[in-house]
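The chain contents come next:
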Amino acid sequence: MTSTSVSVAGRTASPSTARAINDRLALHLLKDEGPLTAGQLKSLTGLSRPTIADLVERLRQTGLVAVVGEAGAERRGPNARVYGIVADSAHVAGVDVRTDSVAVCVADLLGRTKAEESLPVAPDGDPAHPVAAAVALVERAVERAGAVRLHHIGIGVPGLIDPATGELNSTGGLPSWHRELATALHRDLAAPVLLENEVNLAAVAEQRMGTARDRDTFVLLWLGHGIGAAVVLDRVLRRGASGGTGEIGFLPVPGTSGLPSATGCDGGFHSLVSSGAVCELAQEHGLEASAGGERGAGTEGSGAAEAAIRAALDAGERGEAFLDTLAARIALGVAAICAVLDPGCAVLGGEVGRAGGDGLARRVEDHVARLSPLRTRVRAGVVGGGGVLRGAVLTALDAAQNELFGAP
């Protein structure tokens with residue numbers, strides 16, 4: 001059997017360590033590049049043919065890799081086997097928890113959706129009822145997906161997550177069952193649970209599959225019923241000492257009637273750009289709009305602010321004035337963030353950012369340019385209300401792949 005020596009931190013790795021490194025490299029290539037022949041793996045890794053042969057056989061024995069086809073029918077000689085990741089060798093779930101609903105998505109090891117379920121949650125004094133209903137919802141989705149078990153579960157919730165414990169730091173005005181759900185899912189489905197703030201998960205989705213795919217550093221502003229932000233620096237999600245990075249609803253800004261306090265964000269940035277503030281601004285400009293927008297992080301889906309912005313887009317001069325005033329308000333928060341972090345890019349998410357689209361983003365960018373000497377691109381988010389759920393799936397998928405494949 002052929003082995004390859006690898007230098008790790010100035011030392012020569014043992015044969016077993018070298019095999020582990022080679023296996024990890026091959027698995028990540030198969031995940032990122034798709035099915036490959038042994039020859040292609042050899043070219044991409046630089047490993048010898050015998051080493052590749054040993055590697056492929058080891059991975060087949062683990063059940064993570066299988067022959068998925070043949071290549072070379074157009075040339076003379078035997079066809080080359082094509083190897084790929086066995087997607088159904090593991091499954092993960094993402095769960096999006098709102099105050100009035102729960103949504104779940106089960107995906108395979110390559111991130112392909114296998115089943116989705118959702119459930120409205122009625123207010124109930126006994127937290128055991130919504131917890132039991134949510135657990136049953138996840139179990140139903142797992143069964144529909146044909147999964148034996150879940151490898152990891154990612155959960156997106158409103159509120160702060162304690163970086164030290166991974167637990168919901170404080171529920172504030174949120175339902176008590178939010179805190180209990182993670183424990184119940186871990187117990188009943190026997191899978192590790194990763195709890196994360198909902199806006200942070202929306203940022204994960206924007207970076208991996210949305211408008212921030214080309215950015216290593218950016219800030220996502222979620223503009224909805226509640227106001228929040230997610231900060232990604234050098235491709236790392238930053239949470240802060242207490243999990244409070246991005247609580248920009250409390251940001252003191254000009255133009256409000258007062259100042260925020262430790263117990264409430266009224267008087268802060270929230271008072272200028274939340275859904276309620278946007279609806280009031282629309283009324284001041286003579287714009288009428290009814291509810292019915294999309295559901296997303298930081299909002300219970302009233303859709304009134306989204307409808308107001310869409311009405312403004314068709315309202316001529318009144319609409320132009322409304323959008324420009326709204327952009328100026330949003331720019332106050334963006335400029336403050338830029339002065340501290342210099343992210344180079346701000347993504348506008350939530351019902352307000354999504355409804356305003358590229359037009360609102362351009363207006364905000366123009367206003368920021370007048371307020372800050374730091375060049376900052378402003379973009380409209382594209383992942384929509386499903387971004388939290390998709391971010392939860394991606395977070396669980398990363399954990400499962402890193403455990404099965406080894407961290408890249």
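Provided above is the structure to which this section pertains.
Read on for a plain summary of the structure. Note that this is a predicted model, so its numbers are computed, not measured.

This part covers the pairing of strand β9 (residues 152-157). On a regular strand, each side chain points to the face opposite its neighbour's, so the side chains alternate between the two faces of the sheet. Among the 6 residues that make up β9, 6 are buried, leaving the element largely enclosed by the rest of the structure. Residues of β9 alternate between two faces, with His152, Gly154 and Gly156 on one and Ile153, Ile155 and Val157 on the opposite face, all of them buried. Pairing of strand β6 (residues 91-97) with β9, which is carried by 5 bridges, proceeds in the parallel orientation. Paired with Ala93 across the strands is Ile153, a residue of β9. Judged from the 5 bridges that link them, β9 and strand β12 (residues 193-197) form a sheet pairing that is parallel. For Gly156, the partnering residue across the bridge sits in β12 and is Glu196.

Moving on: the sheet that holds strand β13 (residues 218-223). Judged by pairing direction, the sheet is mixed, and its 5 strands sit side by side in the order β15-β14-β13-β16-β17 without closing on themselves. Unpaired on one side and paired on the other, β15 (236-238) and β17 (377-380) mark the two borders of the sheet. For this sheet the average axis-to-axis angle between neighbouring strands, irrespective of direction, equals 25°. Bridge count for β13 against strand β14 (residues 227-233) is 6 bridges, and the pairing is antiparallel. Pairing of Trp222 across the sheet is with Gly228, part of β14.

The next subject is the environment of Arg239. By the secondary structure assignment, Arg239 is in the loop between β15 and α7 (270-273). Once the C-alpha coordinates of Arg239 and Asn197 are considered, the two residues, 42 residues apart in sequence, prove to be 9.3 Å apart. What Arg239 contacts, discounting residues up to four positions off in sequence, is Pro163, Glu196, Asn200, Gly244 and Thr245. At 2.7 Å, the side chain of Arg239 forms a polar contact with the side chain of Glu196.

What follows deals with the pattern of salt bridges. This structure, assessed with the given rule, holds 16 salt bridges. The closest approach of N and O atoms between Lys31 and Asp32, which form a salt bridge, is 2.8 Å. Here Arg98 ties to Glu198 by a salt bridge, and the two come within 1.9 Å at their closest N and O atoms. Of this pair, Arg98 sits in the loop between β6 and β7 (101-108) while Glu198 sits in helix α6 (residues 198-209), placing them 100 residues apart in sequence. Arg98 sits in the buried class, given a relative accessible area of 1%. Overlapping salt bridges bring together Asp96, Arg98 and Glu198 as one network.

About the cut-offs
- Residues numbered from 1 in each chain as written.
- Predicted model: local features only at pLDDT ≥ 70, side-chain atom pairs only at ≥ 80, totals over all residues.
- Heavy atoms only, no water.
- Buried < 20%, exposed > 50% of the residue type's maximum accessible area, 1.4 Å probe, protein only.
- Helix = DSSP H or I, 4+ residues; strand = E, 2+ residues; numbered from the N terminus.
- Pairing = 2+ DSSP bridges.
- Axes fitted to C-alpha atoms, helices over the stretch in contact; angles between N-to-C directions.
- Contact = heavy atoms within 4.5 Å.
- Polar contact = N/O pair within 3.5 Å; in protein donor to acceptor, adjacent residues only side chain to side chain.
- Salt bridge = Lys/Arg side-chain N within 4 Å of Asp/Glu carboxyl O.

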